[in-house]
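Residues per chain, in single letters:
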Amino acid sequence: MRHPRTHAWKAVAATAVCGAALAGLGTVRGRPLRSAPTLAAAGAGMAAGGLMAHEWLTPRPWLYGTVFWHARTSERVVALTFDDGPCHPYTGHLLEILDRAGVRATFFQVGNNVRREPTLSAEVASQHEVGNHTFTHPHLVWSRPGTVREELLRGQEAIHDATGTLPHLFRVPHGRYGPQVISVAGELGMRCVGWSVMAWDWARPPAGVIQRRILHGVGPGGVTLLHDGQDTDAFPKADRSHTVAAVSDIISSLKASGYGFLTLPELVDLDAAG
Ligand SMILES: [Zn+2]
């Protein structure tokens, strides 16, 4: 899959290289270091290089490819997403809460956890959307494309074996993509997804704090990020009791403010139609 900004990032890279080269060449030829052309060339090179580095590390990159993190809409709709499951007993508790509230959500499952809890994974997939969150939950931002590909494919295989479906959504562990992750996901037919609001719930703040952070940061077309598991850990090492305790009130507060709930593919469609 060829990305429309294939040329954009090459132009930025060329500016970075040419700016640095022109500044260097001018200096070598005896032009004063502080001359206007040298400073301009060095400045352009540094700005372009800085942009490339920023785009590599930001959770919401644009230059190397698209990461979907919110829908451009004024409609009061939100997509709830949960990462790092399935993880007994928290995923099951969440399924009960969501079922009672009549809300469908999106779960980014870790392949290793799916292998451990295939029945729970299938139960999630029967009611909600499931996305790929790699097999071993590694940091991929500096990984080679081959490593990225293996993590994504092993995740797909585990989810497919457990649920019979192949995810079209991918969320990178730890939030940072790097251009190679976006392009490998694209080659495998997966769209990269981020979030618009999170609650740092992996640090296990009290449920009231999780709730406040989400409700404070959410807006129309938003994507919330919470966790029903913890990396590849199982209970009791993984403890998501605070998150589970917060979700019911988050949903009722959002409903009271007039919000409706969409799955991520529905939110992506809404954004595309807007
Ligand atoms: Zn994660």
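Note that the coordinates shown come from a computational prediction; the quantities given were computed from them, not determined experimentally. (Residues numbered from 1 in each chain as written. Predicted model: local features only at pLDDT ≥ 70, side-chain atom pairs only at ≥ 80, totals over all residues. Heavy atoms only, no water.)

Engineer: Just to check I follow, could you spell out the pattern of salt bridges for this structure?
Structural biologist: As enumerated under the stated definition, the model contains seven salt bridges in all. With its nearest N and O atoms 3.8 Å apart, the salt bridge here joins Asp233 to Lys237. Accessibility expressed as a relative area gives 16% for Asp233, which makes it buried. One salt-bridge network, in which partners are shared between bridges, spans Arg104, Glu129 and Glu266. (Salt bridge = Lys/Arg side-chain N within 4 Å of Asp/Glu carboxyl O. Buried < 20%, exposed > 50% of the residue type's maximum accessible area, 1.4 Å probe, protein only.)

Engineer: What's the story with the coordination of the zinc ion in this structure? I'm lost.
Structural biologist: Perfect tetrahedral coordination of a metal by four donors corresponds to 109.5 degrees between them, and perfect octahedral coordination by six donors corresponds to 90 or 180 degrees. With distances of 2.1 Å, the protein atoms coordinating the zinc ion are Asp84 (OD), His133 (NE2) and His137 (NE2). Considered as a linear motif, the donors of the zinc ion on their single chain read D-x48-H-x3-H. The exposure class assigned to His133 is buried, which follows from its relative accessible area of 2%. (Donors = N, O, S within 2.8 Å, 3.2 Å for Na, K, Ca; no water.)

Engineer: Would you mind showing me how to read the side chain of Glu151 here?
Structural biologist: By the element assignment, Glu151 lies in helix α6 (residues 145–163). No salt bridge is formed by the buried Glu151, whose closest oppositely charged neighbour, Arg154, lies at an N-O distance of 5.3 Å. Side-chain polar atoms of Glu151 contact the backbone nitrogen of Phe135, separated by 2.8 Å. Once residues lying within four places of it in the same chain are set aside, the contact partners of Glu151 are Thr134, Phe135, Thr136, His137, Pro138 and Leu140. (Helix = DSSP H or I, 4+ residues; strand = E, 2+ residues; numbered from the N terminus. Lys, Arg positive; Asp, Glu negative; His and termini not counted. Polar contact = N/O pair within 3.5 Å; in protein donor to acceptor, adjacent residues only side chain to side chain. Contact = heavy atoms within 4.5 Å.)

Engineer: Can you walk me through unusual backbone geometry in this structure?
Structural biologist: Among all residues save glycine, negative phi is the norm, and among peptide bonds the norm is trans. A cis amide bond, omega 5 degrees, links His88 with the succeeding residue Pro89. Residue placement: Pro89 occurs in the loop between β2 (77–83) and α3 (90–101). Cis geometry marks the peptide bond from Phe235 to Pro236; its omega dihedral reads 10 degrees. The topology assignment puts Pro236 in the loop between β8 (222–227) and α9 (241–256). In the Ramachandran plot, Arg204 falls in the positive-phi region, its phi being about 55 degrees despite a non-glycine side chain.

Engineer: Honestly, the environment of Val17 in this entry has me stumped. Any pointers?
Structural biologist: Checked against the element boundaries, Val17 lands in helix α1 (residues 6–28). The exposure class assigned to Val17 is exposed, which follows from its relative accessible area of 58%. On a C-alpha basis, the gap between Val17 and Val181 in space is 23 Å, while along the polypeptide they are 164 residues apart.

Engineer: Teacher, can you tell me more about the side chain of Thr106 here?
Structural biologist: As for its position among the elements, Thr106 is in strand β3 (residues 106–109). Thr106 sits in the buried class, given a relative accessible area of 0%. At a separation of 3.0 Å, a polar atom in the side chain of Thr106 contacts the main-chain amide nitrogen of Leu264. Those residues in contact with Thr106, other than ones at most four positions away along the chain, are Leu80, Thr81, Phe82, Glu129, Leu169, Thr263, Leu264 and Pro265.

Engineer: Explanation requested: the packing of aromatic side chains in the structure shown.
Structural biologist: Aromatic ring pairs are defined here through the distance separating the ring centres and the angle between the ring planes. Applying the stated rule across the entire model yields three aromatic pairs. Between Arg60 and the ring centre of Trp69, over which it is positioned, the NZ or CZ distance is 3.8 Å. Positioned above the aromatic ring of Phe135 is the side chain of Arg154, whose terminal nitrogen or guanidinium carbon lies 4.0 Å from the ring centre. (Phe/Tyr/Trp six-rings, centres within 6.5 Å; stacked < 30°, edge-to-face > 60°. Lys NZ or Arg CZ within 6 Å of the ring centre and 35° of its normal.)

Engineer: Please clarify how the pairing of β2 should be interpreted in this entry.
Structural biologist: Successive residues of a regular strand alternate their side chains across the two faces of the sheet. Summarising burial for β2: seven of the seven residues are buried, a large majority. Both faces of β2 are covered, namely the face carrying Val77, Ala79, Thr81 and Asp83 and the face carrying Val78, Leu80 and Phe82. Across two bridges, the pairing between β2 and strand β9 (residues 260–261) is parallel. When the bridges of β9 are listed, Val77 appears paired with Gly260. Where β2 lies against β8, six bridges are found, and the strand directions are parallel. Paired with Ala79 across the strands is Val223, a residue of β8. Across three bridges, β2 lies against β3 in parallel orientation. (Pairing = 2+ DSSP bridges.)

Everything listed here is a matter of geometry and, on its own, says nothing about what the molecule does.
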